[in-house]
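Residue-level structural notes
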Amino acid sequence: MATYTPTQLIGLDNMLTLEERQICDTVREFCDRDLRPHIEDWFEDHTIPRDLGPVFGQMGVLGMHLDGYGCAGTSAVAYGLACMELEAVDSGIRSFVSVQGSLAMYAIHRWGSEEQKQQWLPQMAEGKAIGCFGLTEPDFGSNPAGMRTYAKRDGDDWVISGSKMWITNGSLADVAVVWAKTDDGYAGFLVEKDTPGFTTHDIARKMSLRASITSELVLDNVRVPDSARLPEVNSLRGPLSCLNEARFGIMFGALGAARDCIDQTLEYVKERQVFDKPLSSYQLTQAKLADMVLELDKGILLALQLGRLKDEGKLPHESISLGKLNSTREAIQIARTCRTLLGASGITTEYSPIRHANNLESVLTYEGTAEMHQLILGNALTGEAAFR
Ligand code: TGC
Ligand code: FAD
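Heads up: these notes are all about the structure in this document. These figures come from a predicted structure and were not determined experimentally. (Residues numbered from 1 in each chain as written. Chains lettered and ligands numbered in written order. Predicted model: local features only at pLDDT ≥ 70, side-chain atom pairs only at ≥ 80, totals over all residues. Heavy atoms only, no water.)

Here we look at the overall build of the protein chain
The condition is simple: Only DSSP runs of H or I covering at least 4 residues are called helices, and only runs of E covering at least 2 are called strands; the numbering of each starts at the N terminus. Residue exposure (1.4 Å probe, protein chains only): buried if accessible area is under 20% of the type maximum, exposed if over 50%, otherwise partly exposed. In what follows, a contact means two residues having at least one pair of non-hydrogen atoms within 4.5 Å. A 1.4 Å probe and the Shrake-Rupley method give the accessible areas. Residues count as covered only by the protein chains that appear here. In this charge count, Lys and Arg are treated as positive and Asp and Glu as negative; neither His nor the chain ends contribute. We put the charge of a Lys on NZ, of an Arg on CZ, of an Asp on CG and of a Glu on CD.
Counting secondary structure elements, the protein chain contains ten helices and nine strands. When its C-alpha atoms are laid out on the principal axes, the protein chain stretches across 80 × 45 × 40 Å. The proportion of buried residues among the 388 residues of the protein chain is 54%. A separation of at least 24 residues holds for 76% of the contacts in the protein chain among residues at least 6 apart in sequence. With an accessible surface of roughly 17100 Å², the protein chain has 50% of that area assigned to carbon and sulfur atoms. Of the side-chain charges in the protein chain, 37 are positive and 52 negative, and the distance between the mean point of each set is 4 Å.

This is the structure:
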């Protein structure tokens, strides 16, 4: 009897353009050749090689949905599909690409001066310069409006003091996009790595997103010229607009992690004999598989619809919360259920579900926790902001 892959059941390929299918195939081949063979070691060693930057650059995935300045200028859907392939390897891999393209590069592209764009975007698209994005602080994660990092005007310069916490690629970055309060609202600054007073400290012993560097940024009277300030924004609209881009990528990406869990588990249950029959032949196994594939495919259809709206310029930022909330919440459930089907074999990194499940704890939390996205949707539906 013919069998189907999970995405064949919704005819995913028929919903994609030729270019989108080609991008998927190219990124998947690259992942299988250059990333997948190493991911267990990177996760185990709590690291990600810095020289992956130029490798991603050659692939054309860094800032791929941005126009000009050496960026590929693809559709939003193509970017999402690339995120799905990257996160099928590991959320840390997708994080590297989203922080570079959707947070650091997007901030410069959307809110930077022409000089800043010329200076940074081409080398960031090539992966020769790495960027990070400092919004969260030790005491202000879900509520960035409360940030204490402060930038004071001093003649032609700004002097910035404060700290940022949980910053992906913090110590790898050549340039940090740092958000600070000012007398006039909020501003973003491009802080180069060797600027006096600027230091980074990596966060150790993470049980999640181990194939990713997460750092604290400390700014102790860091002096930068006004030309380092992103000139086009002086409100929280600046960083929040960048989050929309990264959340969009996660909406697709988390489903890649879920798909990989299901793929590995399907192979396993067909081979594994329990009570003298393949594990795949039991009704309880099939019910779990059916429910997981249903959620995966529903998630992909939602992501694709929101992606098409984004490409038409008709996607309200509140709708991204639907996708980010759904994909992360369902993906972590799928990863955990796959782990149950693997039994004891599921507790080591030989199979991907437990690694994905651990990673998805971070993905559920960063870029707005699941609860924040419920509140954003609650606000959109009722007109009542219940954050405060
Ligand atoms: P609020 O008063 O509602 O708005 C302030 C200003 O921002 C505008 N705005 C938005 N603009 C664009 N996109 C959005 N999604 C926006 N949401 C609001 C708003 O119009 C206003 O503009 P203006 O010009 O009139 O001033 O802001 P609030 O303080 O009440 O906060 C709203 C809330 C709670 C939803 C927001 O703070 C939030 O989303 N909190 C979650 C924080 C978060 O997601 N942090 C993520 C940090 S980065 C990260 O996690 C990277 S992980 C990367 C990886 O490794 O992959
Ligand atoms: P808190 O805000 O303290 O939340 C704790 C709990 O309280 C959560 O369950 C939350 O949902 C709940 N809560 C908060 N407010 C409310 C409310 N009003 N009503 C009900 N419940 C509420 N940040 C960056 O700026 N740049 C990065 O590159 C970056 N990378 C990250 C990488 C990793 C691996 C991780 C784990 C985090 C990263 N972050 C980054 C930080 C991330 O965005 C924050 O962790 C996240 O926004 C949540 O903030 P918090 O951890 O301070 O949790």
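Moving on, there is more to tell.
Description of helix α5 (residues 114-125)
The line we're drawing: Each helix should span, by expectation, one fewer than its residue count multiplied by 1.5 Å. Picture the helix axis, draw a direction to every C-beta atom, and the arc is the one those directions span.
Given a rise of 1.5 Å per residue, twelve residues ought to cover 16 Å, and the 16 Å separating the end C-alpha atoms of α5 matches this to within 8%. Three or more residues of α5 are buried, namely Q116, K117, W120, L121, M124 and A125. With its buried residues spanning 120 degrees around the axis, α5 presents them on a single face. Where α5 is buried, its residues meet α2 (52-59), α4 (91-111), β1 (131-134), β4 (175-182) and β5 (185-192). Backbone geometry just after α5 places G127 at a positive phi near 75 degrees.

Re the site of ligand 1
Heads up, the rule is: The near set for a molecule or strand comprises every residue that places at least one heavy atom within 4 Å of it. N or O atoms within 3.5 Å of each other form a polar contact, as long as, within protein, one can give a hydrogen and the other can take it, and as long as residues adjacent in sequence are counted only when both atoms are side-chain atoms.
Taken together, 27 residues surround ligand 1, and among them S95, S142, N244, R247 and G368 come closest. In this structure, G368 approaches ligand 1 through a main-chain N or O atom, which is 2.8 Å from an oxygen atom. In the complex, the protein chains occlude 77% of the 1100 Å² of accessible area that ligand 1 would expose alone. Listed by contribution, the elements that provide at least two residues to the shell around ligand 1 are α4, α6 (237-271) and α10 (370-382).

Remarks on the packing of α6 against helix α7 (residues 283-311)
The cut-off we apply is this: Helix axes use the C-alpha atoms of the stretch in contact, all axes being lines fitted to C-alpha atoms, and the angles between their N-to-C directions lie in the range 0 to 180 degrees. Angle categories are assigned with fixed cut-offs, so that under 35 degrees is roughly parallel, over 145 is roughly antiparallel, 65 to 115 is roughly perpendicular, and the rest are oblique. In a left-handed crossing the near helix is turned counterclockwise from the far helix by less than a right angle, and in a right-handed crossing that turn is clockwise. For this scheme, ten residues count as nonpolar: Ala, Val, Leu, Ile, Met, Phe, Trp, Tyr, Cys and Pro. Four count as charged, namely Asp, Glu, Lys and Arg, and the remainder, Gly too, count as polar.
Direction vectors running N to C along α6 and α7 enclose 155 degrees, while the axes themselves pass 10 Å from each other. Taken as axis vectors, α6 and α7 run roughly antiparallel relative to one another. Judged by the sense of rotation from one axis to the other, the crossing of α6 with α7 is left-handed. Across the interface between the two elements, E245, F248, M251, F252, L255, A258, R259, I262, L266 and V269 from α6 touch T285, L289, M292, V293, L296, G299, I300, A303, L304, L306, G307 and K310 from α7. Grouping the amino acids of the contact of α6 with α7 by side-chain chemistry returns 16 nonpolar, three polar and three charged.

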